[in-house]
Amino acid sequence: MELGLPCVHCGLCLDKCPTYRDSGEEAESPRGRIYMMEAVKNGALTLDADVAAHLDSCLGCLACEPACPSGVEFHRRIEEFRPGLPLAALTRAWRRTIAAAMRRPYLTSAALAAASTLDAVGLRRLRRRLPGLGLLPGRSATVLQRDRVQEPATPRLKVALLAGCSADTVMPEINRAAVEVLHRNGVAVRMIGGGACCGALPLHEGDTGTFQRLARTLTARPELEDVDYVVSTAAGCSATLGEYEHLIGGDGAAVAAKTRDICELLVEIGFDTPIPAASSEGTVAYHDACHLLNVRGVAEAPRAVIRAATGATPVDVGENDICCGSAGSYNLRHPRIATRLARRKAELVARSGASTLAAGNAGCLLQIARACDMAGIEMRCRHPVELLAEAYRRG
């Protein structure tokens, strides 16, 4: 299969790659990984454990693609290699267990209960250092508010909102806010729940069989019939849904064409600007979620939503094109690298002078909130659509 233009090894991607910045090793850069993948395909290099480790450590943030003057589609190359990486059987089994657990809300609910219990007995700081449990919000989770806006009787649009995986269990306030905002703007919402999953996590793990099954099951859901758009509040999900034409073909093309990130949709259809009112958010900084920025190419829409919600342009965190280390389940698979990346992001957030950090992806919010908490930085982490919902309520 032809994978686009060849890499000319110019090196412009190097400074955009989090693992290269972290290690300084050529083999941990997009250029180095492409060289190794080409050498393996040509028979000049063996795909052994060392080569596999360098390929496996890629976050999949794809910051290298916008930086590439040759237009190399790095993600197509790495997708081709992930299923065949010679990982240890125990490692692969553990990762598939993680991905499966993140698709089962009842397991996430149990983990949230455990996190809250540890916080209640004074072990929050210790709990924050634990894999998995350390990422959960625990007792500091936002209290849900009832949706005060009924679905419009004569909607201007109908959308399907993806709300079937653990992100909705961990941070349900995000989708609650999205529904409220959509209703207030005359949009009818069909929730796609019941364990529905776009398959992003298995895809990034190289588990193409599970991805294909989940994606085809999703495209057959009746909630997708006769809707104008398919909407997600998670950057990784909207990016994967937007690739369905390439990834699964058939009905995937229609889903891909209708897919929008929530902020992308609001700007596209034109949303009501809230009545100005005093905000408790203080200065808001914005962090670009990798797949929203690098895959969907959405940078301005979330900022426009924040401006409308707060009356002020959000402060840039800095190094916006560098991943925070969340990257799906990467922070569970490679916790040391992910923790270092998150620590750097927390430092930048602290320097920004903001009291609230906004990002368009639940994983980013959990990752950065944990890093800030561990560093003793007081920071509220919110999705832009939450800020807009609260602005409507104040108004």
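Computed from a prediction, not measured in an experiment: that's the story for all the values here.

Caption draft 1: Main features of the sheet that holds strand E5 (residues 284-287). Spatial strand order, E6-E5-E7-E8: four strands in an open sheet with parallel pairing. Of all the strands in the sheet, the pair left with one neighbour each is strand E6 (315-316) and strand E8 (380-382). Inspection of the sheet shows E5 paired to strand E7 (residues 356-359) by four bridges, in the parallel sense. Residue pairing for E7: Ala285 is matched across the bridge by Leu357.

Caption draft 2: Structural detail: the confidence of the model for the protein chain. Averaged over every residue, the pLDDT of the protein chain is 88; the share at 70 or more is 95%. The secondary-structure element of the protein chain with the lowest mean pLDDT is helix H6 (residues 89-101), recorded at 74, while helix H16 (residues 262-269) shows the highest, at 97.

Caption draft 3: Local environment of the packing of helix H2 (residues 30-42) against helix H5 (residues 74-81). Running from amino to carboxyl end, H2 crosses H5 at an angle of 50 degrees, the nearest separation of the two axes being 11 Å. In terms of orientation, H2 lies oblique with respect to H5. In this structure, H2 meets H5 at a crossing whose hand is left-handed. Packed against H2, whose contacting residues are Pro30, Arg33, Ile34, Met37, Val40 and Lys41, the element H5 presents Phe74, Arg77, Ile78, Glu80 and Phe81 at the interface. Classifying every residue of the contact of H2 with H5 gives seven nonpolar, no polar and four charged.

Caption draft 4: Representation of the sheet that holds strand E2 (residues 187-192). Strand order in this open sheet of four strands is E2-E1-E3-E4, and the pairing throughout is parallel. What marks the edges here is a single partner per strand, and that holds for E2 and strand E4 (259-261). Sheet twist, expressed as the average angle between the axes of neighbouring strands with direction ignored, equals 35 degrees. For strand E1 (residues 157-162) and strand E3 (residues 229-232), the ladder comprises three bridges, and the chain directions are parallel. Note that in E3 the partner of Leu161 across the bridge is Val231. Contacts from helix H10 (residues 172-184) reach E1 and E2, with the element oriented near 155 degrees to E2.

Caption draft 5: Expanded view of the pattern of salt bridges. Evaluation of the coordinates by the stated rule reveals 25 salt bridges. Residue Arg21 pairs with Glu319 through a salt bridge whose shortest N-O separation is 3.3 Å. One end of the pair, Arg21, is in helix H1 (residues 18-23); the other, Glu319, is in the loop between E6 and helix H19 (330-333), and 298 residues separate them in sequence. Taking the relative accessible area as the measure of exposure, Arg21 reaches 35% and is therefore partly exposed. In this structure, Arg76 and Glu243 form a salt bridge, with 3.8 Å as the shortest nitrogen-oxygen distance. Pair noted here: Arg76 is in helix H5 and Glu243 is in the loop between helix H13 (235-241) and helix H14 (244-247), with a separation of 167 residues, a long-range link. Under the relative-accessibility criterion, Arg76 is labelled buried at 19%.

Rules behind the numbers
Per chain, residue numbering runs from 1 following the sequence as it is written. With pLDDT at 70 or above as the cut-off, local features in this predicted model cover only qualifying residues; side-chain atom pairs require 80 or more to be listed or tallied, and sums for whole chains, interfaces and linings still use all residues. As a convention, hydrogens and water are excluded, and side-chain values are obtained from all of the structure's heavy atoms. When DSSP finds two or more bridges between two strands, those strands count as paired. Counting from the N terminus, the helices are DSSP H or I runs at least four residues long and the strands are E runs at least two residues long. Values of pLDDT, ranging from 0 to 100, describe the predictor's confidence in every residue of the model. Here an axis means a line fitted to C-alpha atoms, over the contact stretch when the element is a helix, while the angle between two N-to-C directions is reported on a 0 to 180 degree scale. Angles are sorted into four bins: roughly parallel if under 35 degrees, roughly antiparallel if over 145, roughly perpendicular if 65 to 115, and oblique for all others. Two helices cross in a left-handed way if the nearer one is turned anticlockwise from the farther one by less than a right angle. They cross in a right-handed way if the turn is clockwise. It only takes one pair of heavy atoms within 4.5 Å for two residues to be counted as in contact. Any residue outside Ala, Val, Leu, Ile, Met, Phe, Trp, Tyr, Cys, Pro, Asp, Glu, Lys and Arg is labelled polar, Gly included; the first ten of those are nonpolar and the last four are charged. What makes a salt bridge here is a side-chain nitrogen of Lys or Arg within 4 Å of a carboxyl oxygen of Asp or Glu, nothing more. With a 1.4 Å probe rolled over the protein chains alone, any residue whose accessible area is under 20% of its type maximum counts as buried; one over 50% counts as exposed, and the rest are partly exposed.

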